[in-house]
Each structure stands twice: as structure tokens, then as C-alpha cells.
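Structural features, examined
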Amino acid sequence: MPNGTPTRITQGTRITRGAIAKGGIGESTLRPDGALKVTGEFAYASDMWHEDMLWGHILRSTVAHAEIVSIDTGEALALPGVYAVMTYDDLPTEVTHYGLEIQDTPVLAHGRVRHHGEPVAMVAADHPETARRAAARIKVEYRDLPVLTDEASALAPDAPCIHDNRTDDHAPHVPHPNIVHRQPVRRGDVREARRRADVIVTGEYVFGMQDQAFLGPESGLAVPAEDGGVDLYIATQWLHSDLRQIAPVLGLPEDKVRMTLAGVGGAFGGREDLSMQIHACLLALRTGKPVKIVYNRFESFFGHVHRHPAKLRYEHGATKDGRLTHVTARIVLDGGAYASSSPAVVGNAASLGVGPYDVEDVDIEVLALYTNNPPCGAMRGFGAVQACFAYEAQMDKLAKQLGLDPVEFRRRNAMSQGSLMPTGQVVDSPAPVAELLRRLKALPMPPERQWESSEGTDVRQLPGGLSNTTHGEGVVRGVGYAVGIKNVGFSEGFDDYSTARVRMEVVAGEPVATVHTAMAEVGQGGVTVHAQIARTELGVAQVTIQPADTRVGSAGSTSASRQTYVTGGAVKHACELVREQVLERGRRTFGASHPAWSTAELLLEDGRVVTDGGEVLADLVDVLGDEAVEVEREWRHRPTEPFDRHTGQGNGHVQYSFAAHRAVVEVDTELGLVKVVELACAQDVGKALNPLSVHGQIQGGTTQGLGIALMEEIVVDPRTARVKNPSFTDYLIPTILDTPTIPVDVLELADEHAPYGLRGVGEAPTLSSTPAVLAAIRDATGLELNRTPVRPEHLTESQDCWLPDIAG
Amino acid sequence: MRVHFTVNGRPQRADDVWEGESLLYVLRERLGLPGSKNACEQGECGSCTVRLDGVPVCSCLVAAGQVEGREVVTVEGLADHARQRSDAVSTDSRRSEDGELAPIQRAFIDAGAVQCGFCTPGLLVAADEMLERNPNPTDADIREALSGNLCRCTGYEKIMDAVRLAVARQAEGV
Amino acid sequence: MDFLRPASWEEALAAKAEHPTAVPIAGGTDVMVEINFDHRRPEYLMDLGRIADLREWEVGAESVRLGASVPYTRIMENLRTELPGLALASHTVASPQIRNRGGVGGNLGTASPAGDAHPALLAAGAEVEAESVRGSRLIPIDAFYTGVKRNALAPDELIRAVHIKKADGPQQFAKVGTRNAMVIAVCAFGLALHPKTRTVRTGIGSAAPTPIRAAVAEEFLNAALEEGGLWDSGAAISPSVAREFADLCSGACNPIDDVRGTASYRRRAIGVLARRTLSWTWESYRGTSRGVEGVA
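Residues numbered from 1 in each chain as written. Chains lettered and ligands numbered in written order. Predicted model: local features only at pLDDT ≥ 70, side-chain atom pairs only at ≥ 80, totals over all residues.

**A look at the sheet that holds strand E3 (residues 44–47) of chain C**
All names here are of chain C. Selection rule: By this definition, two strands are paired if DSSP reports at least two bridges between them. In this text, helices come from DSSP runs of H or I with a minimum length of four residues, and strands from runs of E with a minimum of two, each type numbered from the N-terminal end. Axis definition: a line fit to C-alpha positions, over the contact stretch in the case of helices; interaxial angles, taken between N-to-C directions, run 0 to 180 degrees.
Taken together, three strands build an open sheet; the order of strands is E1-E3-E2 and the sheet is parallel. The two strands at the open ends of the sheet, each matched to only one other strand, are strand E1 (2–4) and strand E2 (23–25). Strand-to-strand, the axes of this sheet are offset by a mean angle of 30 degrees, without reference to chain direction.

**Focus on the pairing of strand E18 (residues 324–334) of chain A**
All names here are of chain A. For clarity, the threshold we go by: Counting other C-beta atoms within 10 Å of each residue's C-beta, where C-beta atoms are placed from the backbone, gives the exposure class: buried for 20 or more, exposed for 12 or fewer, partly exposed between.
Summarising burial for E18: ten of the eleven residues are buried, a large majority. In this sheet, E18 lies alongside strand E17 (residues 310–318) in antiparallel orientation, the contact comprising nine bridges. Residue pairing in the sheet places Arg 313 in a bridge with Arg 330 of E18. Where E17 folds back on E18, the antiparallel hairpin that results is connected by five residues, among which Gly 322 adopts a positive phi of roughly 80 degrees. As paired elements, E18 and strand E19 (residues 361–369) share nine bridges and run parallel to each other. Within E19, the position partnered with Val 327 by the bridge is Val 362.

**Here we look at helix H4 (residues 120–133) of chain B**
All names here are of chain B. Heads up, the condition is: What a helix is expected to span follows from its residue count: subtract one and scale by 1.5 Å.
Relative to the 20 Å expected for 14 residues at 1.5 Å per residue, H4 spans 20 Å between its end C-alpha atoms, a close match to the ideal helical length. Most of H4 sits inside the fold, with twelve of its 14 residues counted as buried. Within the span of H4, buried status applies to Thr 120, Pro 121, Gly 122, Leu 123, Leu 124, Val 125, Ala 126, Ala 127, Asp 128, Glu 129, Met 130 and Leu 131.

**Some details on helix H8 (residues 215–227) of chain C**
All names here are of chain C. Let me state the cut-off plainly: It is the directions from the helix axis to the C-beta atoms that the arc portrays. A pair of residues counts as a contact when their C-beta atoms, built from backbone coordinates, are within 7 Å of each other.
Taking 1.5 Å per residue as the helical rise, H8 with its 13 residues ought to reach 18 Å, and the 18 Å between its terminal C-alpha atoms agrees with that figure. Of all the positions in H8, only Ala 217, Glu 218, Leu 221 and Leu 225 are classed as buried. Within H8, the buried residues cover an arc of 100 degrees as seen down the axis, which keeps them to one side. H8 presents Ala 223 and Glu 227 as exposed residues on the side facing more than 90 degrees away from its buried surface. Looking at the buried positions of H8, the neighbouring elements they touch are strand E13 (199–205), helix H9 (230–233) and helix H10 (239–252). Trailing H8 by a residue or two, Gly 229 shows a phi angle of about 65 degrees, which is positive.

**Some thoughts on the UniProt feature "domain: FAD-binding PCMH-type" (unreviewed entry) in chain C**
What counts is decided by this rule: UniProt positions are given in the numbering used here, feature names are shortened, and annotations may be inferred rather than shown by experiment.
Cross-referencing UniProt, the feature "domain: FAD-binding PCMH-type" (unreviewed entry) maps to residues 1–169 of chain C in the present numbering. With 30% helix and 26% strand, residues 1–169 of chain C has end C-alpha atoms that lie 47 Å from one another.

**Examining the interface of chain A and chain B**
Put simply, the test is: Note on residue categories: nonpolar means Ala, Val, Leu, Ile, Met, Phe, Trp, Tyr, Cys or Pro, charged means Asp, Glu, Lys or Arg, and polar means any other residue, Gly included.
At the junction of the two partners, chain A supplies 49 residues and chain B supplies 44 residues. Contributing elements (two or more residues each) for the side of chain A that touches chain B: helix H1 (34–39) and helix H17 (691–710) of chain A. Among the elements that make up the side of chain A that touches chain B, the one with the highest residue count is H17(A) (seven residues). The residue inventory of the side of chain A that touches chain B, partitioned by class, reads 18 nonpolar, 24 polar and seven charged.

**With respect to the nonpolar core**
What counts is decided by this rule: The term nonpolar core refers to a set of buried Ala, Val, Leu, Ile, Met, Phe, Trp, Tyr and Cys residues connected through C-beta atoms within 7 Å.
Judged by nonpolar contacts, the single largest core of 413 residues is most densely connected at Val123(A), Cys281(A), Ala534(A), Val665(A), Val773(A) and Leu86(C). Ranked by residues supplied to this core, first place goes to helix H10 (residues 384–402) of chain A with twelve residues. With near-sequence residues (within four places) excluded, Val773(A) lies in contact with Gly480(A), Ala663(A), Val665(A), Val676(A), Leu706(A), Ala709(A) and Leu710(A).

**As for the domain arrangement of chain C**
Accessible area lost during the coming together of the parts is what is often quoted as the interface size. All names here are of chain C. Convention followed: Each domain's limits were defined by an automated method or a database of domain assignments.
Domains assigned within chain C are domain 1 (49–165) and domain 2 (171–290). A straight line from the C-alpha centre of domain 1 to that of domain 2 covers 21 Å. Between domain 1 and domain 2, the contact holds 23 residues from the first and 23 residues from the second. Looking at the side of domain 1 that touches domain 2, the elements that each hand over two or more residues are helix H4 (84–91), helix H7 (117–124) and strand E8 (145–147). At seven residues, the largest contribution of residues to the side of domain 1 that touches domain 2 is made by H7. In terms of residue class, the side of domain 1 that touches domain 2 is built from 14 nonpolar, seven polar and two charged.

**A word on the packing of H17(A) against helix H18 (residues 764–781) of chain A**
Residue and element names in this part refer to chain A. This is how the line gets drawn: Orientation labels follow simple angle bins: below 35 degrees gives roughly parallel, above 145 gives roughly antiparallel, 65 to 115 gives roughly perpendicular, and whatever is left gives oblique. Left-handed is the label given to a crossing in which the near helix is rotated counterclockwise from the far helix by less than a right angle, and right-handed is the label when the rotation is clockwise.
Axis separation between H17 and H18 bottoms out at 7 Å; the angle between their running directions is 45 degrees. Viewed along their axes, H17 and H18 adopt a mutual orientation that is oblique. With respect to the hand of their crossing, H17 and H18 are arranged in right-handed fashion. In this structure, H17 contributes Ile 698, Gly 701, Thr 702, Gln 704, Gly 705, Leu 706, Ile 708, Ala 709 and Leu 710 to the contact, and H18 contributes Pro 765, Thr 766, Ser 769, Thr 770, Val 773 and Leu 774. Grouping the constituent residues of the contact of H17 with H18 by class yields eight nonpolar, seven polar and no charged.

Shown next, in the form of C-alpha cells:
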């Protein structure tokens, strides 16, 4: 049995603030893990190493829907260097499935595979190549089943059920067993409102399947322990959610599955579901040796859920003076073979489907399908992204019909604080939708023809870039605007809380705060912010951030733009309780020495207890003495409630966040190639706890939106449901030459319900970036463009008809 | 097979190397140098960028056997590499404040160019080599030099800021 | 798998003769992807990296003898005058890191229709120097590509160099991809003017099972330039001639629909690239001859 911890644990770091700044909230303090990350010392999950470790490898289905007739592992087991081969039959307990909301996902396929790339068997061996060769020797016989790839095939009367005998909460309420969840949102009287409309526009939109494409592939190391338990070092978004799903499959109590966050190379929703966690633990427990699994890029495309592709049909009406009369929408999300977070994605698309506009009469229906396509779930923007792409296209279409400037039309309908959502929920904090647009509109335009230089044409500044496709021919500029609304935090009555443990003590003559949470730092900078909060609340210079693990309570997921709000809120709350105890101790020890101890409002600043008038009462070192103060507490944001299953009414969301973009593009109209020249973003963040990180989030989210506008799509064969481009050769994400300058304008209008007034930042910029780019391309080309990503052929197809040689 | 080569100035030997192993695998799994990252293993992301005889390459596409007798610099050796370069061009061997980081590494931290950090080692190796070749790059030059390195977190703006910062500091001789 | 490390060209030829299935590896930018992704497990990998000769080039009177492993970066930096089309094509190859490793020999060995060097080689005119223990031969580039990812090499042959005609007039290369850098060609087009022989040559990539020339388009344009006396006058090419040339280039394509693009888009785009590259090269030709001819 191996002993000790693996090498290369680097999460959690001691931080010393700079000499001048206090390093509290509102400052752009630098990342505590920055130095480790630039020297290559920071240990990501794939960097974990243990003496005597084995390599795990997962065999995946080559077909999308089939019965498994037989699996023969004999030849694989016979290969020298192979320690274990496992199939469904080798699972140790009755619990063989997992899932975030619905436990419908088999750890290893049981008698049937439901999508291309589903795990069927797994191997542990002494070298990754041995494991791969062994997996290749496993013989799986499939008998094909009919493949469901869209709404028509999934909901056909004779369609096979993707999941038989469903027992989940949504099952009794859905019109067809291949519908995961359906959520209507109805308000007012659309039929009546239609009569008031002077202009009605309809549109059908298609949104492609996007991949999170985080750069650090799924990986982890499971180490069997002497007590029969297992230690798992893992890259994830939510340790405790993983734990809840892993332990029952292993047949272990949760306290025997000890999880520590290993370095996470990006997430964006793709690590909210389990990937190889259970597989690594099972192989480790089976072999008695540490087992490391690292997906390569091909496996990664199959190893996590994607953003739901969607088909959206919208109808918008408006009066001549540019007021929206009504909105109807039907949004069909393809959830693929397993539920993942589809129900919550449905709730978001439905409740946010109108966008940040005041509309009284609304009729929306959103549903997610079970099909044999790849499973889809969480990705940055979570249901709101797909809707925003469509409703913003509709807003431009309406503006055009009304002869109004698209920004002016949006301004006339922009929601504001006090507005009512289509769910009946009052927007009870600032909603500066019109102001965000006004600021973008006021920005100067980037200079024209930047490709012209004294040395001739710089093709790097043109559509096509280094590929030298144009020297200016056919290039037309376009400008587009879009704005979006995203919820922050988990909604619909979910008990969304975080836990923080904060300790304060004297170390080497200095007061030091230690913050311990299970928050998954995935790159967003939560660790930076936690230290800032501790400094602000406790007046210390030195803060130690403990590695995230399951020895402290859940911090919820690093998703839904919630971590700074909720875990940040928990750290703040725990700090406040620590402060109270420290002050209480101070009063006990020194209260008699100065009346202010009992009369004044007391603060902790610069390592001292001071009055709100600035008078110093004591050094923290003296108050603390040699006894630490420690508090661990859960903290919750205000509760939400589920949406009514028939009307969608309910106070379902915690907080809303708003961002808007202006895109300036140059399109080579003959070749259909696009260069985004500038993509400016304005966003209200309530309070920027760390402005540098806020900018980074906005620019990163903006760029992911650009990707889905122009190039990113997992292409699934509509006949076989097989993925056609599971590689970085054919799934393209923007390079630095595809990404423009991204000016950012940050508003800070406090939300009085949130800690420090902050508003979740991460997702909103991913919403409006895509429709802004699309709007700009429409502006340049005059084409309708109802699909994203836009491919070169979409921009040129209409021209084919007048090319005689091609028409013939 | 057995492979001998120099990594960050030190002679190294790897035994029992499988013939299909990449330089990246040998660095990460055999020599205890996991700084170079394994993000795509097909030369489409640049996360595994190292200098091979001075030239930036994707170490995932170099067969281990091809590096026999050659010199490799990884992100772990970048600070030393940059220090030797600056010592070579100037007798004034002032070190940066923290002494342990290359100027480009310091600039990435200061400019907020690091989020998840998985792309960072490859970007640093590529950017440092560009600064060596072209001490006064235009924005377009920077973008071209880094066009083989994907980043999914930052939208590249802070990376541009970081390289500009390193250029400015280099010009000021800081 | 065995790893062969020939120290000289002769050793490499002997090894290839002994093990005709041995896969040569130089830059590794194709071979290693296939190994990393478990698409290929050759019995022998043969490293050509120790043969310095393959990374050298010689500029002769008529042509450049380009070693098979000269990295694209070196071509971009050093051979822009002699091989402007290939230098442009080299600049569009993948990423700086790949351009530092990959060379034309690998493109030819893989013979993918999407290889970036092919259209430039076809347009410039080139011969592939193939060698085995049996001897050496020069394979005309037009006869080199024999099918999808197939070439005219015998199993025991290795590519030693490519002999590319030195430019005697302007050359251009353009490639369509769905990203502004680091992208595999949806389609690509190379064009070279050869004023000495008063001919135009073309190369098309990713729009047919193999890299091809647009032979009919070349004939049409050669005739039109000749009839109009344009080589002498340096006058502008009429829009209708340019259009017809572009249409014939489109017509030369035999593309497929795939995840990177549709057949009809590829055909269209080749026409656009043909028209543009003709315009760029001809304007450049006129620019250099205008002083003498003084044409409008």
C-alpha cells in the first residue's frame, strides 16, 4: 500500500501584500499562484505523480446507439504490464450510475451505449501505451439501434426511449419520455398584444454545439489508502458535488473519499459533471496502486458535456413608436444522451428568453431533448447564451422594420431597476441596460483600413490574416450591438451555499489570517479575492489560502458567476465572526483600559484594533496572544423559488447581471472571411473586488463569444450521431490573431443585497459578444444569418447563383 | 531505448523510453519537468513549447529519440536562460527585484496575463524567444509570434499587455 | 516499434532498403500527431534529423535545390527572392513552432491535398529528388501526386531534396481557412508568372483528391496574354479574361464536402483566389515593366 501524499501539490499559497497597497478589496492585487504558474511549478492535475503509479485508460464506444452484445477482455488482461481491466460487471456496488441532477449516467456502459464516445471498459497498466494497446484488444460486439439526432426523430411516436422507466422529478410532467424537462413562461395575453403590434417579425435560429475547450485536459490521480478509502487529487469545479456522486459507486462513506483540488487548467462549465473521477478511484481500489488518468484532446472532446445546441423560433411585435408589444419563443435544446444539467439550462433559457427588455405579454416554451448526440450541460452562459443570440437578432430585425437605430430601439425597451421579469420577479437592483448601450455607442470607432502601412499591405490586419487571401479586395466594414441578461448563482429554489473556515493567529510575531474553503480555483482568481476580503475584514497583511479539499464544507460550484458572491460572501461572513470574537477577546483583556472598547464602533486595520474615529486601541498581536480564533460557517444568499411548471412564474433568480458589446468587423464579402477589428464591452459589476481580474473575465468571456460566432462548433453527423471533429485541428478556437482589442468599460452600481454590492461577472460577457459579432456581419453583408457559427459558405452561398460556371 | 540530452543546461539521461514517446512525455514523466503542458498533443496549441537548440518547437511533436545530444530549454529554465542572455549583452548584471524570474515571467504576473495558467509556460517560451529576436515588436508582430499558442481564459488582451510591458521594461533597462 | 537513427544519408537509404515500411520522421509534425493519437504504430521510425545535408539549400543558376528538411521558417526568411510563392506558402503553415520544424519533404511525403507547399511547387515548377540504394531520380512535380495521400515514391525511396525553378516573375499564394492563423487549408491557390517562357502556372490545394494544376485555365490565359501582346505591352488584363481564368480554375476543382468546408464553397473560393492572385502578380509584373513600356 503506497504511503504519503503525491508530490507536486501546490494549491494554496502564503501571500504577502505589497509594501504600499493594503491589498484589500477594490485593488488589483496580483494572483497568489502567479509565480508558480509562470515558472512551471504550479501542479495541475495532469502533473500529479506518485511512486509506483499506474496509468488508467478508458475504452469508448465507436457508435452512438447500440446494444452491447458482448465484451471480451481476455486478450487485454493477458498483455504484460496490465494490472486491471474493468467493465460494468466489475462495479463493486448496486450504485452504478451518477449525474448532477438526475442519476442517469452509467459509470461504464451497461448493455447499451447511448452516444459516441461513451465509456465501455477501462484498463490500468504500467505505461500509457500499454494501457492503450490493452484497450485496443478489448473486443466489444455492438448491435446497432436506431439513432435519434433531432426533435423529429426523438419525439416520433415510435421513437425508442433513450432512458426507460424514468423516475426523476420531471418525468411525470413531460409530454414525451425523450424530453428531459419542459418549462413554459407565460405572462399577459399574447393574442391580445399581437393586435396592438404595428410590426411583427419572426425568425428561426440555429445555435451550434460549443465546447468549453479548456486547455488542461481532464485528469486526476487516485491513491488507495490503508483504511480502505481513497485519496483523489482532481481538477474539478465542485469537490463536494463530485464526492456525493463518487462515494456511493465505490461503496465508501464520504469521509473515506478524501478529495483535494489539483491545479485546474480552465473549466467554463465542462468540469461540473464527473469525467474520470470514479474510474480512477475504482482502478486504484482494484489494483491497490495509485492510478493516474489523463485524457488526451481527442478523449477530452468525449469526456465532458458541451454547450446545448439549440433551435429557436421567435416572434416579436412592436408598435410604430418602437415599443415591444409581445414576445413568443420556442426553444429546443439538444441535451444528448444524458441529462447532466439540462433541466437548469431549460429554466435559464425560459426565464431569460426575452432578454433585458420590458415586455408585458410573453409566451415562451423551452424544452431539452434526450437524443443520441453527445451529452450537453453546463457551459459559461448556461442557456442564456443561446436565447441572447436569437432575441438580439430579432431586436435588430424589428429595428430595421421600424426604421429605428438598433441602439435607440433597444434603449426604448430597456429594462431598469424595478422592471418585472416575464417570470413576475421584480428586478430589485440596478439594471443599467440603456446606460451600457449608451456608453458603447459613444465610443470612437477604430480607424479604417488599418492594414495599410507605409510598408504596404499588412495581411495580418485583414480577413484571412497570414493566409494572404485579400489585400483589401471585397472588404466591407460592419458594426453591431447587443446586450444580454444572465442570472447569478443557482436558481429555482436550489439551496445554494458556501462554507468558509477562517482562522486568525499570531505567527512569527505577526497577525496572520488563514482562509480555507473548498472553492475550485479554475483560473478565475477566487484565491486572489479571498485574500483581499480577509485583509479588508481583518486588517492583516498576511493571508494564507489553504488548498481546497473536502476537509472543509462545500463551497458550491465554480459556475453560474457565483463564486465571488457566494464563497466570497462566506469568507466575508466568517471573517466578520472572527472579528467579533477577536474584539470580544480584546474587550475582555483590555476593555478596562479605554472606554472606547465598549462605546465605539471598532475596526481591525493595519494589524491593530482601531475605533471608527481612527484611534488605536491595541495591537492584534497582543489581543490574540498565543491562542488562535477560528470560525467555520455556511453562508447563503437569499432564497429563490421554483418556477411554476405551467406558467413559469416565480422569484427564481438571486441576481441578474448585464453586459453589452459593440462589434466592429471587416468582412471579405467574396470569400466570407471575417476579421473582428474591435469588440468593446460595457458591463455593470456592482463592485469590482479586483479590477484586473474583472477585466480578464470580461475579455475572456467576450472571446469565447467571438469563437461561437465565427468558428467553434462540434460537428455531429446527422445520420450516425458520431462526432466529426474531436481535435484542435478541426475544432477551432480563436488565436491571438483572431482576437481584436477588447476595450472594457466597467460600471459599479452596487446591488444592496450582495456582499460589497458585487455582481457576478464571469458569464454575462459571453452572452452579448456572439450576437454583436453577428449583427456586425449582417451590417456588412446585408445577409440574414440565422445560424451560429457563421461559416464562410454562409456568407457566400447567395452569390453562387450568379456564377455561371458553378451553377452549371 | 536510452536518450541523452541537455535540459536547461544540465545533461540528462532517460532510460526505457518507448520509441513512440514524445520529448514532452520524457520531460514531464521521466525527468520531473512537468512545466511544459500537454494540452493537445498535435501541435495545435503551443502549450508544450520548448526551445530545441534555441528554436521554439512543440515538444509533443518531437520524438524522444530525435533529441539525442541536443539542447532543450523549458519554462523551468527560462529565468536562467534570460539571465544569461542579459549578462551576455551587458556588464551591468543588475537583477530584477525578485531575481528569480525572467522579465517576461514578471510581466505576465504584473499584467494579469495568467488565469488558469495552462497556456502560460508555452506562451512564455515563445514570447521570450520573440523578445530575443525582435526587441521592438509592433502589436502585429507580437500577435504573429504568439499565433501558435492558444489561450482560452484571457482573450489575449492581458497577454498583449504583458509582452508590451516586458518590451518597455527591456527598453528602460529595468 | 524500433527507432532507427541513421547518421548519414547513405545509412538512411540502406535502412530504408532493409525496412521499406520504416516511416521517416524529420520535423515530426505529421508523424507524431498520428502516433500521439494512436492512428499509427509503424514498425520502424527512422529519424532523418541527424542528416545535416537535408537542412541545407543551394541556389543554382536555374533552380534552388532545397533540402527536404529545410524548415519553413528558413524558407520564409532566406528564399523570398528566389522562391516567393513557396515563401508565402511557408508563412501560412500552421504556427511559428511548426514552421520551425516542418519542411517541404514532409509535405511531399504525406502528400495530403491540404499540404500548403504543393500549390506553390506546382506553380513554380519543381522536381522531387528521390533516392534509394538503387539510385537517384528526379520526379516532375506534376507526376508526383498519385492519389489521396499517395505519391510516386517507391517503398525504398526517400526524398532528398526538391529542385524548384527560381522565380523569373511575380508569384503569389493564398489560402482560405476558417481562422486567421494556425489553420488547415479549406482550399489554397498558387500562381506564378514565368515571363521568360511567357507562361503562367497554377497550383490548387485542398480542392481535389490531389494537389493539381488548372491546366485548361493556364492554357486559356497563356493564349489570351499572347494574343493580346500583354507580356510586351504590360497592359492590364481585361476583367473578362480574368473572370474566365477564375471560372476555369474553379472548373478544375473536384472538391468534397467535409467538416472544413463545402465543395461548392471551395470551387467558388478558388475562383476568387485565382482572380486576386492573377491581379496581384500581373500588377507587380506591370509595375516592374511599366517604366519601359509606359502603359496605362
